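As a plain string of letters, each chain reads:
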Amino acid sequence: MIRIVGSHLYIGEYLAEDLAERFGTPLYVYDKEVIVENYLRLARSIPYEDLEILYSCKANNNPEILATLRDLGSGLDVVSPFEALLGIRLGFPREKILFTGTSVSDDEMKFVRGELGVMINIDSLSQLKRYGRLFPGTEVSVRINPGVGAGHHGYAVTGGVTKFGVYLNQIEKIRDIAREFGLRIVGLHMHIGSGILDANVYRETLDVLLSVARRFSGLEFIDIGGGLGIPYKPGEKPIDLDQFGSIVSKALRDFSQSHGHVKLRIEPGRYIVGNAGVLLVRVVDIKEVEINNSRKIFVGVDSGMNHLIRPALYGSYHEVIPASKADKPKEILVDIVGDICESGDILALERPMPRLEEGDLLAIMDVGAYGYSMSSNYNLRPRPPEIMVFRDEVKLVRRRETFDDLIRLVTNRSI
Ligand code: LLP
């Protein structure tokens, strides 16, 4: 559980301040209890009898998180050869892993399907043909672009005019190519976008997907992708899970009755891990300036867009909590900025805060999804460690990177 008690932020039974002291900052902290609750809540909200959750590990590939979800019975949505390899190494059954790539090369298919034995979810007609040549007579799934999408930002919309999936006017070609190579299309898939807070969006697109599915026989699963959003801003409403569950269950039951039984697959990423992660950062430099008779305060911290790119890339909002001054009156308006040499290196804009001092600890909230997994070594800065808290237990899962990790060990010259 992540909560504020008095002026302090707690993660599980730990004071954020103590974790920062022990592991250093910047620091990614995950709460296992929150992840487990999210998974179980989502699973329970979908009454369809034959449901398989494939956690989308692009959201966060921390091995401890993956192992936790594996133990709960989750499968895995993977998008790269190494994500697939990670799933196999961590003991996910291969039949519960689905590879949904984009711009996929023959070599990648040879590795994922040929070496790892993981099913491929095809993204284009070209890929289907190349797959057919490599693996004739095998089972495969196809990603359909239902013609509409949704998401929290244009970059996170993947249905409609985007590079993703086989378009609706190409469906006949799927059947032709499958026939040519003796392929069995056992699954149809869609993923329309990410950060969806209105469950109704799934109704329309699922209708489209199922109408395509009626043109196929021998289907074993329908995969409706991920996309379920979480509230980031105070006052934002969570997605209505019961509504989501009843929309998809009803649609799948109707389909199964008229067309033969299929398994329902969903691929949530953000919903499972988003609110389970906190990035702890230290205030290192406060700059106050007068501009046109008004005061501007830049609060500089020891992290930045290299560790959390969502605000810079999408203008995303993440709540920031002063971890030891949480109940102090908010008296100033600040921009929270990082230590990366770009003006876009912003973590939060114009936030009301209590008086801050250098050395204060800030907690950037809801960074469990697309935080660490989108981080980089820009400016030759190491990634922070990731720790996992479970009630009164804590463990270091991934340590802080070193100079050697970043450059010395991967460079073909002596440094
Ligand atoms: N399945 C497929 C095929 C996907 O491409 C994705 C996400 C998911 C499932 C999981 O979506 P989720 O349940 O997490 O919304 N970097 C962006 C989000 C990009 C999502 C890409 N695909 C962000 O930080 O908001």
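The structure this text deals with has already been given above.
The structure presented is a predicted model; accordingly, all values stated were derived computationally and were not measured.

> With reference to specific residues and values, describe the sheet that holds strand E2 (residues 8-11).
An order of E1-E2-E3 is seen for the three strands of this open sheet, with the pairing classed as antiparallel. Each end of this open sheet is capped by a strand with a single partner; those strands are strand E1 (2-5) and strand E3 (14-15).

> Quick one: what's the story with the site of the ligand, residue by residue and with numbers?
The ligand sits among 18 residues. The nearest are His152, Ser194, Glu267, Arg310 and Tyr370. The backbone of Gly269 places a nitrogen or oxygen atom 2.9 Å from an oxygen atom of the ligand. Arg270 places a polar side-chain atom, nitrogen or oxygen, 2.7 Å from an oxygen atom of the ligand. A total of 590 Å² of accessible area belongs to the ligand in isolation, and the protein chains cover 92% of it.

> I'd like a description of a nonpolar patch on the surface, backed by residues and values.
Judged by side-chain polarity, Leu380, Phe403 and Ile415 come together as a nonpolar surface patch covering roughly 290 Å² of accessible area. Mapped onto the elements, Ile415 comes out in the segment after helix H12 (403-408).

> Can you break down the nonpolar core residue by residue, with the values?
Ranked by size, the top nonpolar core spans 101 residues in total, and within it Tyr55, Ile174, Leu188, Leu206, Ile222, Ile224 and Ile336 carry the most contacts. Residue-level mapping places this core at the junction of two domains, with at least three residues from each of domain 1 (2-29 + 274-411) and domain 2 (32-272). Leave out the neighbours within four places in its chain, and Tyr55 touches Asn60, Ile65, Leu66, Leu69, Ser74, Gly75, Leu76, Asp77, Pro268, Gly269, Ile272 and Val273.

> Any details on the pattern of salt bridges? Residues and values, ideally.
Summed over the entire model, instances satisfying the criterion amount to 29 salt bridges. Among the salt bridges present, the one from Glu331 reaches Arg355, with a minimum N-O distance of 3.5 Å. Linking Glu331 in the loop between strand E16 (320-322) and strand E17 (332-337) with Arg355 in the loop between strand E18 (346-353) and strand E19 (361-365), this pair joins segments that are 24 residues apart in sequence. Among the residues examined, Arg355 registers a relative accessible area of 44% and is labelled partly exposed. A salt bridge links Glu386 to Arg398, with the shortest nitrogen-to-oxygen separation between them at 2.6 Å.

> Describe the packing of helix H4 (residues 81-89) against helix H5 (residues 106-115), naming the residues involved and giving the relevant values.
The geometry of H4 relative to H5 is characterised by a closest axis approach of 10 Å and an angle of 10° between their N-to-C directions. As the angle between them shows, H4 and H5 are arranged roughly parallel. Note on element contacts: H5 touches H4 through Glu108, Phe111 and Val112, opposite Pro81, Ala84 and Leu85. Of the residues belonging to the contact of H4 with H5, the class tally is five nonpolar, no polar and one charged.

Thresholds, definitions, all that
Residues numbered from 1 in each chain as written. Predicted model: local features only at pLDDT ≥ 70, side-chain atom pairs only at ≥ 80, totals over all residues. Heavy atoms only, no water. Pairing = 2+ DSSP bridges. Helix = DSSP H or I, 4+ residues; strand = E, 2+ residues; numbered from the N terminus. Near = heavy atom within 4 Å. Polar contact = N/O pair within 3.5 Å; in protein donor to acceptor, adjacent residues only side chain to side chain. Areas by Shrake-Rupley, 256 points an atom, 1.4 Å probe, with all protein chains shown as cover. Patch = residues over 30% accessible without salt bridge, like charges linked within 9 Å, V, L, I, M, F, W, Y side chains within 5 Å. Salt bridge = Lys/Arg side-chain N within 4 Å of Asp/Glu carboxyl O. Core = buried A, V, L, I, M, F, W, Y, C linked by side-chain atoms within 4.5 Å. Buried < 20%, exposed > 50% of the residue type's maximum accessible area, 1.4 Å probe, protein only. Domains from an automatic or database assignment. Contact = heavy atoms within 4.5 Å. Axes fitted to C-alpha atoms, helices over the stretch in contact; angles between N-to-C directions. Parallel < 35°, antiparallel > 145°, perpendicular 65-115°, else oblique. Nonpolar A, V, L, I, M, F, W, Y, C, P; charged D, E, K, R; others polar.

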